[in-house]
Amino acid sequence: MTPTILTSHGVVLLLVLVAAGLSAFYAWLYRQEAATARALTRRQQRVLRTLRIAVAVLALLALARPALTMVRRERRLPVVPILVDESGSMVFPDCRDNPLVQASPKTQRRRYDTAQTIAQKLQEQLARTHRVRLLTFSDVLKLVRELAPEAASVPPADYGAAPTGESTNIGDAIQDALRDMAGDKLSGIVVLSDGRQTGGRRLDDAGAQATDARVPVHTVAFGSEFPLRDLRIDEVVAEPEVSLGDVLSFRLKITNQISAPLATKLTLLEEGQKVNEKALVLPRGESQVTIATIAEAEGTREFRLVLPQYDDEVNTENNEATVHVKVVKRTLRVLLIAGNPSREYFYLVPALLRDPVVELATYLQCADIDYTQQGNVSIERLPRSIEDWKKYDVVVLFDPDPNKITTQQVAEMENMVRTGGGLMVIAGRNHGLAKLIQVHAVKIRELLPVEIDKNDLPDYFQVFSQPFASERTPKGRGHPLMRLERDDRANEAVWATFPKLYWHHPVKQVKPRSISLLERSGSSPAERACLMAIHRYFEGAVFYSGLDSLWLWRYPYESYDYDRFWTDVIRYLGETRLRGTQSQVALNTDRASYAPGEEAQLRLRILDPALMAQLEGQQLYASVTSPAKEVQMVPLRPDPAGEMLYLGAYRARRVGSMLVAAKQAAPGASSEAKPLFDVKHTFQVRMQSLEARETSADLAAMKALAGQTKGVYIDYRNMGELDRLVKAIPTDPQVLSEEILVEVWDGSIFLILFLALIGGEWSLRKLWGLL
Amino acid sequence: MGAAVKMTALVIRPIRLIRLIWLIWLIGLAGPPAFGGEAPKADDEQQLRADQEKKRGPTSPGKDPAFLVLPRPAERSRMAEQLLTPQVREMTKKALAYLVRTQDADGGWSDKDYPSNTGVTALACLALMAEGSRPRIGQFGEPLNRGLEFLLANVRAGSGVIAGKGCNPHGPMYEHALATLALLFASGDMPWKPETRTVLTNAVEALKKSQRQDGGWRYLVSNVGDSDMSVTANVLWVLRTAKKCGFTVRQESIDRGVKYVEACAMPDGTFRYRYWGLQASPSLGGTGVIALCNQGKIDHALIPSARDRIAYDYRRYTVDDLKQRRYAVYGIFYASLAMYTCGDRYWVPWFGKAVEVLAAMQRKDGELWDEADNVLYPTAMAAMVLQAPLGCLPIYER
């Protein structure tokens, strides 16, 4: 307590003058009363005098307004706000490795449920030492309740409806909490969230603000760093049509977000019956898987690809996919015209006969006149009209005798190739191609993907005793025909086993738009003669091989690679006829769905290097058709990185299913000619919730926020350390101090004293007869 | 050649068969056993196709088929890499070097009992072809070419029989059949010899004309008299190859030959040398299997027991026992053709034992021998056996 006077200095001076005046007056009064006062005793005079002076002093004191200053102190419990995320992402299942989740029933395993459990535990522990405020946030901060200090029991809170918040604004929630509770002492802020912020103030800014306010932010993260537990089939690629008896392959893109690795199985059902099953070991994330079956029944068949369902998967509908494939009884009709039965012929014929899709007719030119030609179909003579030639899908000319095939037949064969057929030319030593060009110059020259010197006739007296190695050209390495294994390393291993060769047909040069696939190994370009090449010839394709001893490749794996190589070439050449369309391109977008306003990247991947060469210099377009049938043409440009890819961009405006189509005619082809490719793809444009875009928790952000503000971070890995979090929140109370001014004169004591003194003096005067 | 071949007739119980190769493939012979290790794994498509074809079994598509289409392997076989050990390669190298070294100036080959012989020459040519050489192409292209030209130069005018002055005194059919076979394989690779086609036409005609009443063939190029199993099997083999090369061979002719082979079969899997014989020869088992398989009789009832018999022999008997057999290398050669066709389950263990026997019989200069000390034809036959895993000669088929 500190005494003080509330009156100003001027007034004090006045009071001094008044006091002096009063003293003079009292002196005169006492002289006047002296006669009367002579009857009083000295003691009585002293008492009266004292009383009167006391009254005057009291009156003067009152005028001076004396006061006392006091400090009042109040102790309060500190405040801990618990902020619980109630955005849409909190509905997702929590991480299975969280011990709280494992202890919960299956219906209460959402992130929100775990958050409520944690919030309840925290309230129970903190309520004794803190004032706990429970709040929820999504885009705004809302108070759920404030617990009474030192509450004896903490009932469960009523959070209201399930979390449906459209966004997660953790930064805003922290900022709002700091602002709203600025007057309280915050021991810390506890944030219960998955950390996946979708808007509002940046977390590091909010963290900086909390650090400035010396308020640590403790974070408890829900969910895991991995997307939601899900095993799904993202994409299935299969031919829309397949030949009866042929292999039907399904290429799947599977995403595993169950565990790493995951041993599972993929089942293929045809019309409900299991036809194949494949054991898989999937890493986390995306994997490419293939599974195949033999198409044994005609018609449009339903194939279902099924993965097992796992507990707590966020979506089990995507564990299977259904594809419809049309199985057609159709064969690839191949005509093999061979001049003589060389060693290669002995192995080539059974290799082609083995393919269930190939219907082979051979014509051995040197055979006896009454010989029954070999093959699935026996023919007596070569085709003699365009219609006859068109009955074949692929023709193989194996070192033919040019004198036993007419110019007319060659022209008709050329027409067959031009309109989509395939031609394989295998050069041999018997007749050679020089002679073939001499006899049938124009058409053969045009058909071949290489230039042959027509004067370079075979020298039969030359002995070829020096072996040479062959190697795939850089373009050949990427070509599907040179791929004997899907896996690159396995493919290289197979190619490395093939022995050296001794003879090849001489080639002048490879035509500009042709692809050289295989060449003789050598250090100089002159040594590196082309051994195999291919090019697109109008709607068809022509393959050239200058080797007639590929049977040497039957070492070491016997007919495995040898047969596959030949049938792969035949199928490649006959693909247009077999499938009805070229499948050497793939059209897709970078994502399956977009939000309005986002840009979809269109990708036209060219799978055939020969086709890429054919398209060089041409302008390609893709059309995008909206559900309202509005068509926008999007130019496609070659990939600047050099990949066999054309890219285009389309900004999605309308919501719905968009159809992208790409079609291209062969250069110089008539409008009625079949296009080189005609492919389609669909993608979706739809309104997307920000909350559903990314299903993994952002544990790193939550950890960073806690670290920045010197708070504690807890996630599923250390969920049992909640006590550590509680202990980290200080219990220092909030002490509030208040200065209070008490005016002494303005109190009952002062008044009573005044009245008592005046009354006493009057009473004594009366008593002693002065009044 | 073959005059002294007197095969012990063995008794085989004739049984009506289910499809041989069916049986073989169904019990897993079609695909060679995986040796493990580094061969790249087969993909699903190949596996599916292989399973499908295994169920279907071998086929002979066409109106008058010459080619046998066997089920494809489900995965890459390591058989060749495993069997072609350094020892085998060294033995082969020595054998081939011996053949090249001992070639006559006129391009032919001569053996002790068979001088300047088209049969021996044909076998030597086949051995060089088994390495991967072709006429004038490859490591042995030149000696091969000379050998083939020798054959072409030893065609008997009028008959078309390819047999020179050093042929078997009992008759030239072995020589003629083997020479025809060698020329058939080479005919597509000898454009500087356009007459080859004509020679072969006449040679095949000679074979067709010398089929006997009982359906078989014998040493003499004549259709009179009894036949024998060994010559018949060889001729059937040649006729099938001729069919592949565009020569017309009537199915009736083949069927009669097969019937003869069947008639020579004994219940225990061996074959008699003559159909009325009493004793069988182990060496003929292979010829029997080949004769039947090559004609598309892949499902023949006789084949399993013949195959099993060969397998048993090579398991049961020691190297010395096998070495001491009459015409041991001849027997090994024909057994190799049969066992190769039967698949790796039989082929691989058999080959291992056969190599031991051949190794024991190979002399330091590289030649092998028979009991009459003929060395060329055994060396040529052994070289073909040792090089079978290379897969360069179409006589080894599966």
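If you're wondering where the values come from, they're calculated on a predicted model, not measured in any experiment.

Below, the discussion takes up the overall build of chain B. Counting secondary structure elements, chain B contains 16 helices and 2 strands. Across the 398 residues in chain B, those meeting the buried criterion constitute 67%. Across chain B, contacts joining residues at least 24 apart in sequence account for 72% of those joining residues at least 6 apart. Summing over all exposed atoms, chain B offers an accessible surface of approximately 13,200 Å²; the carbon and sulfur share of this is 52%.

Per the stated rule, a full pass over the model turns up 28 aromatic pairs over all chains. Measuring from centroid to centroid gives 6.0 Å for Tyr345 of chain A and Phe67 of chain B, while their planes differ by 70°, and the two rings are edge-to-face. One end of the pair, Tyr345 of chain A, is in helix α8 (residues 343–354); the other, Phe67 of chain B, is in the loop between α2 (44–56) and α3 (79–83), on a second chain. Note on Tyr345 of chain A: relative accessible area 1%, which makes it buried.

This part takes up the pattern of salt bridges. All names here are of chain A. What the rule picks out here adds up to 64 salt bridges over all chains. Ionic pairing is found between Glu146 and Arg133, a salt bridge with its closest N-O pair at 2.9 Å. A residue pair is termed long-range when its members are at least 10 positions apart, and Glu146 in strand β5 (residues 141–146) and Arg133 in strand β4 (residues 131–137) qualify at 13 residues. Overall, the relative accessible area of 14% leaves Arg133 in the buried class. The salt bridge involving Asp176 is made with Arg179; its shortest N-O contact spans 3.3 Å.

Moving on, we come to the sheet that holds β5 of chain A. All names here are of chain A. As summarised here, the arrangement of the 6 strands in space is β5-β4-β3-β6-β7-β34, forming an open sheet in which the pairing is mixed. Taken across any chain shown, the strands that pair with only one partner, and hence form the sheet edges, are β5 and β34 (713–714). Pairing analysis gives 5 bridges linking strand β6 (residues 189–193) to strand β7 (residues 217–221), with the strands arranged parallel. Its bridge partner lying in β7, Ile189 is registered against Val217. Seen against the sheet, helix α6 (residues 170–180) touches β3 (79–85), β4, β5, β6 and β7 and runs at an angle of roughly 155° to β6. Against the sheet, helix α19 (residues 699–708) contacts β6, β7 and β34, and its axis sits at roughly 160° relative to β7.

Taken residue by residue, the interface counts 70 residues in chain B and 65 residues in chain A. Across the chain B-chain A interface, the total number found is 6 salt bridges. In this structure, Asp548 of chain A engages Arg134 of chain B in a salt bridge whose closest nitrogen and oxygen atoms are separated by 2.9 Å. Mapped onto the side of chain B that touches chain A, the elements with two or more residues apiece are α2, α3, α7 (173–186) and α9 (229–244) of chain B. Counting residues per element, the side of chain B that touches chain A draws most heavily on α2 of chain B, which supplies 8 residues.

Our next topic: unusual backbone geometry. The omega torsion across Ala260 of chain A and Pro261 of chain A is -10°, close enough to zero to call that bond cis. Locating Pro261 of chain A in the fold gives a position in the loop between β10 (247–257) and β11 (262–270). In this model, Arg65 of chain A sits at a positive phi of 55°, which is unusual for a non-glycine residue. Looking at where Arg65 of chain A falls in the secondary structure, it is placed in the loop between α3 (42–64) and β2 (66–76). Backbone geometry places Asp373 of chain B, a non-glycine residue, at a positive phi of 65°. Note on placement: Asp373 of chain B falls in the loop between α15 (344–361) and α16 (376–387). Since its relative accessible area comes to 35%, Asp373 of chain B is described here as partly exposed.

We now examine the pairing of strand β30 (residues 631–638) of chain A. It is a general feature of regular strands that their side chains alternate between the two faces of the sheet. Residue and element names in this part refer to chain A. Both strand β29 (residues 620–625) and β30 contribute to a ladder of 6 bridges, which runs antiparallel. Bridging across to β30, Tyr621 finds its partner in Pro635. Linkage of β29 to β30, two consecutive antiparallel strands, is achieved through a turn of 5 residues, within which Lys629 is found at a positive phi near 70°. Bridge count for β30 against strand β31 (residues 645–651) is 2 bridges, and the pairing is antiparallel. Bridging across to β31, Pro638 finds its partner in Tyr646. Where β30 folds back on β31, the antiparallel hairpin that results is connected by 6 residues, among which Gly642 adopts a positive phi of roughly 95°.

For the rest of this paragraph, the subject is the packing of α7 of chain B against helix α8 (residues 196–209) of chain B. When two helices pack together, you describe them by how their axes are tilted relative to each other and by the distance separating the axes. Residues and elements named next belong to chain B. Two numbers describe how α7 lies on α8: the axes approach to 10 Å, and their chain directions differ by 140°. Taken together, the axis directions place α7 and α8 in an arrangement best described as oblique. As for the relative orientation of α7 and α8, their crossing is left-handed in sense. Where α7 abuts α8, its residues Met173, His176, Thr180, Leu183 and Leu184 lie against Thr196, Val199, Leu200, Ala203, Val204, Ala206 and Leu207. Considered class by class, the residues forming the contact of α7 with α8 number 9 nonpolar, 3 polar and no charged.

As a further point, take the state of the cysteines. A full pass over the atoms with the stated rule returns 0 disulfides over all chains. The thiol sulfur of Cys245 of chain B is not disulfide-bonded, and the nearest other cysteine sulfur, from Cys366 of chain A, lies at 7.8 Å.

Okay, the packing of α9 of chain B against helix α10 (residues 251–264) of chain B next. Residues and elements named next belong to chain B. The interhelical angle for the contact between α9 and α10, taken along N-to-C directions, is 150°, at an axis separation of 10 Å. Between α9 and α10, the crossing angle belongs to the class labelled roughly antiparallel. Regarding α9 and α10, the two cross each other, and that crossing is left-handed. Two secondary-structure elements touch here, α9 through Met229, Thr232, Leu236, Leu239 and Lys243 and α10 through Gln251, Ile254, Gly257, Val258, Tyr260, Val261 and Cys264.

Further remarks concern the environment of Gly188 of chain B. Along the chain, Gly188 of chain B turns up in the loop between α7 and α8. Taking the C-alpha atoms as reference points, Gly188 of chain B and Pro135 of chain B, 53 residues apart in sequence, are found 9.8 Å from one another. When near neighbours in sequence (up to four residues on either side) are disregarded, Gly188 of chain B contacts Asn340, Pro341, Ser342 and Asn430 of chain A.

Let's shift gears to the environment of Leu322 of chain B. All names here are of chain B. When you line up the elements, Leu322 lands in helix α13 (residues 319–323). Overall, Leu322 belongs to the buried group, its relative accessible area being 4%. The spacing of Leu322 and Val357 is 35 residues in sequence and 6.9 Å in space, taken between C-alpha atoms. Residues within four places of Leu322 in sequence aside, it is in contact with Asp313, Tyr314, Tyr317, Ala328, Lys353 and Val357.

Under the 1.5 Å per step criterion, the end-to-end length of α7 of chain B is 20 Å for 14 residues, consistent within 8% with the ideal 20 Å. With 14 of 14 residues buried, α7 of chain B lies mostly within the body of the structure.

Residues and elements named next belong to chain A. Taking 1.5 Å of rise per residue, the 23 residues of α3 would be expected to cover 33 Å, and the 32 Å separating its terminal C-alpha atoms lies within 8% of that figure. Considered for burial, the residues of α3 that qualify are Gln44, Leu48, Leu51, Arg52, Val55, Ala56, Leu58, Leu60 and Ala64. Arg65 sits one or two residues past α3 and shows a positive phi near 55°.

This part covers the side chain of His440 of chain A. With respect to the helices, strands and loops of the structure, His440 of chain A is situated in the loop between α11 (432–439) and α12 (441–447). The contacts of His440 of chain A, once residues within four sequence positions are left out, are Pro402, Ile405, Thr406, Thr407 and Val410 of chain A.

Another point: the environment of Ala162 of chain A. Take Ala162 of chain A: it is sitting in the loop between β5 and α6. Along the chain, Ala162 of chain A and Ser87 of chain A lie 75 residues apart, while their C-alpha atoms are 9.2 Å from each other.

Side chains of Arg42, Arg43, Arg46 and Arg49 of chain A sit close together on the surface and give a patch of like positive charge. One can find Arg46 of chain A in helix α3.

This paragraph deals with the sheet that holds strand β1 (residues 2–5) of chain A. Residues and elements named next belong to chain A. Read from one edge to the other, the open sheet built from 3 strands follows the order β1-β2-β35, with strand pairing classed as antiparallel. Single-partner strands in this sheet number two, and they are β1 and β35 (734–743). Taking the axes of each pair of neighbouring strands and ignoring which way they run, one obtains an average angle of 30° across the sheet. Here β1 runs beside β2; their pairing, made up of 4 bridges, is antiparallel. Note on β2: the bridge partner recorded for Ile5 is Pro66.

Attention now goes to the confidence of the model for chain B. Close inspection of predicted coordinates is inappropriate in any region flagged by low pLDDT. Residues and elements named next belong to chain B. Overall, the prediction assigns chain B a mean pLDDT of 85, with 85% of residues at 70 or greater. Here helix α1 (residues 20–26) is the element of chain B with the lowest mean pLDDT, 44, and helix α4 (residues 86–101) is the one with the highest, 98. Confidence drops under a pLDDT of 50 for residues 1–38, and excluding neighbours within four residues, the segment shows 133 contacts in the predicted structure. Overall fold confidence for the complex sits at a pTM of 0.75, while the interface term, ipTM, reaches 0.87.

What counts as what
- Residues numbered from 1 in each chain as written.
- Chains lettered and ligands numbered in written order.
- Predicted model: local features only at pLDDT ≥ 70, side-chain atom pairs only at ≥ 80, totals over all residues.
- Heavy atoms only, no water.
- Helix = DSSP H or I, 4+ residues; strand = E, 2+ residues; numbered from the N terminus.
- Buried < 20%, exposed > 50% of the residue type's maximum accessible area, 1.4 Å probe, protein only.
- Contact = heavy atoms within 4.5 Å.
- Areas by Shrake-Rupley, 256 points an atom, 1.4 Å probe, with all protein chains shown as cover.
- Phe/Tyr/Trp six-rings, centres within 6.5 Å; stacked < 30°, edge-to-face > 60°.
- Salt bridge = Lys/Arg side-chain N within 4 Å of Asp/Glu carboxyl O.
- Pairing = 2+ DSSP bridges.
- Axes fitted to C-alpha atoms, helices over the stretch in contact; angles between N-to-C directions.
- Parallel < 35°, antiparallel > 145°, perpendicular 65-115°, else oblique.
- Left-handed = near helix turned anticlockwise from the far one by under 90°.
- Nonpolar A, V, L, I, M, F, W, Y, C, P; charged D, E, K, R; others polar.
- Disulfide = S-S within 2.5 Å.
- Expected span 1.5 Å × (residues − 1).
- Patch = residues over 30% accessible without salt bridge, like charges linked within 9 Å, V, L, I, M, F, W, Y side chains within 5 Å.
- Lys, Arg positive; Asp, Glu negative; His and termini not counted.
- Charge placed at Lys NZ, Arg CZ, Asp CG, Glu CD.
- pLDDT = per-residue confidence, 0-100.

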